[in-house]
Amino acid sequence: MKFPRNARVFRGHLDVAPFATVFFLLAMFMMLGSLIYTPGVELKLPVANDLPGTDKPTVRVALDKNGRLYFENQLIEENDLKNRLRQAVKNSGEALTLVVQADKAATYEKLVHLALLARDAGISEALLATLPRVLGSPNVPHQP
């Protein structure tokens, strides 16, 4: 069976105006996108490489630089956090691990206090969340 061939090579004038319009709209969205308010708490996690993770179920708690605690993306008081952690331990069939997403500026005292609070709730292991180190260009030794 022979199929008809209707495809023709375009040999006319290509209009640049639609392409330019799409480009300028894209550029405008990119520039204005940085002005959009993004809700949430800004945490600057420390940078580290090759830290161990866990294969156990986890519970995440965030700690900002002012010492405020966040559980399930909500601001929470210590007593409420302790009760919620106890509830999470009770509902889990396995041992839980606390993952602390702490800001760089959070004090060591607050981190220890949070780990003790989790231990009182029945969570024995706590890990610190970090960001991976950004790989830059390799260091090339300077040759004289």
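Residues numbered from 1 in each chain as written. Predicted model: local features only at pLDDT ≥ 70, side-chain atom pairs only at ≥ 80, totals over all residues. Heavy atoms only, no water.

1. Regarding the overall build of the protein chain
And step 1. Helix and strand content of the protein chain: 3 helices and 5 strands.
And step 2. Its helices and strands taken in sequence order, the protein chain reads α-β-β-β-α-β-α-β from the N to the C terminus.
And step 3. Taken over C-alpha atoms, the radius of gyration comes to 27 Å for the protein chain, far larger than the 15 Å a tight globule of 144 residues would show.
And step 4. If one aligns the C-alpha atoms of the protein chain with their principal axes, the spans along those axes are about 75 × 65 × 40 Å.
And step 5. The buried share of the protein chain, reckoned over its 144 residues, is 19%.
And step 6. A separation threshold of at least 6 residues defines the contact pool for the protein chain, and within that pool the share at least 24 residues apart is 74%. (Helix = DSSP H or I, 4+ residues; strand = E, 2+ residues; numbered from the N terminus. Rg over C-alpha atoms; globule rule 2.2 N^0.38 Å. Buried < 20%, exposed > 50% of the residue type's maximum accessible area, 1.4 Å probe, protein only. Contact = heavy atoms within 4.5 Å.)

2. Some words on the packing of helix 2 (residues 78-91) against helix 3 (residues 108-121)
And step 1. Contact geometry for helix 2 and helix 3: axes closest at 8 Å, N-to-C directions at 45 degrees. Put simply, helix 2 runs oblique to helix 3. Handedness of the crossing formed by helix 2 with helix 3: right-handed. Of the residues in helix 3, those touching helix 2 at Glu78, Leu81, Lys82, Leu85, Arg86 and Val89 are His113, Leu114, Leu117, Ala118, Asp120 and Ala121.
And step 2. Classifying every residue of the contact of helix 2 with helix 3 by side-chain character gives 7 nonpolar, 1 polar and 4 charged. (Axes fitted to C-alpha atoms, helices over the stretch in contact; angles between N-to-C directions. Parallel < 35°, antiparallel > 145°, perpendicular 65-115°, else oblique. Left-handed = near helix turned anticlockwise from the far one by under 90°. Nonpolar A, V, L, I, M, F, W, Y, C, P; charged D, E, K, R; others polar.)

3. Observations concerning the pattern of salt bridges
Opposite charge on two side chains permits them to pair, given that their charged atoms come into close proximity.
And step 1. Overall, the coordinates contain 4 salt bridges when judged by the stated rule.
And step 2. When the shortest N-O distance is used, the salt bridge between Glu125 and Lys56 registers 3.3 Å. Here the residue Glu125 occupies a position in strand 5 (residues 125-128), and Lys56 occupies one in the loop between helix 1 (17-33) and strand 1 (58-63), the gap between them amounting to 69 residues.
And step 3. A salt bridge links Lys82 to Asp120; the nearest nitrogen and oxygen atoms lie 3.8 Å apart. Of this pair, Lys82 sits in helix 2 while Asp120 sits in helix 3, placing them 38 residues apart in sequence.
And step 4. Using a relative accessible area of 22% as the deciding quantity, one classes Lys82 as partly exposed. (Salt bridge = Lys/Arg side-chain N within 4 Å of Asp/Glu carboxyl O.)

4. A closer look at the nonpolar core
A general trend in soluble globular proteins is that nonpolar side chains are found buried together.
And step 1. Core analysis: the largest hydrophobic core is formed by 18 residues, its most contacted members being Val61, Leu69, Phe71, Leu81, Leu85, Leu98 and Leu114.
And step 2. Elements represented by at least two residues in this core include exactly strand 1, strand 2 (69-71), helix 2, strand 4 (97-102) and helix 3.
And step 3. Considering every element that reaches this core, the biggest residue donor is helix 3, with 4 residues.
And step 4. Not counting residues within four places of it along the chain, the set of residues in contact with Leu98 comprises Val59, Val61, Leu114, Ala118, Ile123, Glu125, Ala126 and Leu127. (Core = buried A, V, L, I, M, F, W, Y, C linked by side-chain atoms within 4.5 Å.)

5. What about the packing of aromatic side chains?
And step 1. Taken as a whole, this structure holds 1 aromatic pair when the rule is applied.
And step 2. The interplanar angle of 65 degrees and the centroid separation of 5.5 Å between the aromatic rings of Phe23 and Phe24 together place this pair among those described as edge-to-face. Neither Phe23 nor Phe24 differs from the other in exposure class; each is exposed. (Phe/Tyr/Trp six-rings, centres within 6.5 Å; stacked < 30°, edge-to-face > 60°.)

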